[in-house]
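Next come the chains, spelled out residue by residue.
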Amino acid sequence: MKRLVLAGLFGLLLCASPAFAQEEEKPKWPGVDETVVEKYAKDLGREARDPYINTDQGDLLLFLFALAGGIGGFIMGYCWHKVFVAGKKDAERRD
Amino acid sequence: MRFSALLPTLLGLMLLSPRPALAMHISEGILPPGWAAFWFVLAAPFVAWGVRQITRRKNVDPAYIPLLGIFGAAVFVFSCFPIPVPVAGSTAHPAGTGMSAIFLGPFASVVVAFISLLLQALFLAHGGLTTLGGNTFSMGIMGSFSGYGAFRLGRMLRLNLFWSGFLAGVAADLVTYFGTSFEMALALHGTRPFSLVLGQIYLAFMPTQVPLSLLEGVVTGGIIVYVQKHRPDILRKLKVMGVKE
């Protein structure tokens, strides 16, 4: 328990460090929507607007991405079982 | 530092530094209204025919539905999953439609892409509702048909399943972004030469997309090999694998 607390404190201190704060000022790993799509669109006279359903507010978008990934993973896993486990047995019985 | 302490440290770092994922389709508002409508009109027949194909295959082969579930969910997850590309210092997403086109058929893959893009536009601020037609055309139609065509070409050239699948994955990715570049250049080139603008945009994608397309190729090829080993009857039913393979 003591090690966990110390590790957590270490993480907090690291996050509060100037290096980490400086990293926030200049986002790394931009998507190609920024580096290509929106950049060239802006150069050519068009700019992206906010989505009509704007979920990019605080951590809502992060939540929705995590939820979407979880649901997608569940569907893939469920259907994978149907095809490669249950379905395989059915195929073997037919053979 | 022991593993037991390292894990909560990493977890703390992750929890304390959330970052929103960035959209990587054509964003809302970039395509002028006329062009946005044009791509909707162009994409609509493919989606309609795809729905028809899904209905037919579902009636003939009930096992088609779980396959649709697997690859439908895979396309959705893949196409909103930002992957960092170190050599480019940016992120982009795979298409996934080459793989889905192989297993579901290219028209059904268009439907899968359309639904994925719609959900992303509605809930994930990814792409856009007005650009849904354009994104469907580039990722769904161009990605699916190019991936499917590359796979079939590979098989005709006697390539094994892995390399045929690899070609499908690479083609789907690169052609998808060519489609995006084409749509943007067509709508926005103004007085500049169309081919010049197209080339500039497409080349700008390449530092990120070429490495990513190779990854997508490996994943696609690997999945086909997996299916070959565990459910070869599926591939035989799709007529992409002979009895002797």
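Whatever comes next refers back to the structure up there.
Residues numbered from 1 in each chain as written. Chains lettered and ligands numbered in written order. Predicted model: local features only at pLDDT ≥ 70, side-chain atom pairs only at ≥ 80, totals over all residues. Heavy atoms only, no water.

**Notes on the overall build of chain A**
Okay, step 1: From N to C terminus, chain A includes four helices and zero strands.
Okay, step 2: Of all 95 residues assigned to chain A, the portion counted as buried reaches 27%.
Okay, step 3: With an accessible surface of roughly 6,700 Å², chain A has 61% of that area assigned to carbon and sulfur atoms. (Helix = DSSP H or I, 4+ residues; strand = E, 2+ residues; numbered from the N terminus. Buried < 20%, exposed > 50% of the residue type's maximum accessible area, 1.4 Å probe, protein only. Areas by Shrake-Rupley, 256 points an atom, 1.4 Å probe, with all protein chains shown as cover.)

**Some details on helix α4 (residues 97-104) of chain B**
Residue and element names in this part refer to chain B.
Okay, step 1: Burial runs high along α4: eight of the eight residues are buried.
Okay, step 2: Among the residues of α4, those classed as buried are T97, G98, M99, S100, A101, I102, F103 and L104.
Okay, step 3: Two residues or fewer after α4 comes G105, characterised by a positive phi angle close to 100°.

**A few points about the packing of aromatic side chains**
Okay, step 1: In total, this model carries 19 aromatic pairs over all chains according to the counting rule given.
Okay, step 2: Here W80(A) and F84(A) contribute two aromatic rings whose centre-to-centre distance is 5.8 Å and whose plane-to-plane angle is 35°, an arrangement assigned as tilted. Here the residue W80(A) and the residue F84(A) both occupy positions in helix α4 (residues 60-94), the gap between them amounting to four residues, near one helical turn.
Okay, step 3: On the basis of relative accessible area, F84(A) is assigned to the buried category, the value being 9%.
Okay, step 4: Taking the centre distance of 6.5 Å and the plane angle of 75° together, the rings of W39(B) and F182(B) count as edge-to-face. Separated by 143 residues along the polypeptide, W39(B) in helix α2 (residues 33-60) and F182(B) in helix α7 (residues 161-188) bring together distant segments of the chain. (Phe/Tyr/Trp six-rings, centres within 6.5 Å; stacked < 30°, edge-to-face > 60°.)

These figures come from the coordinates and say nothing about function on their own.
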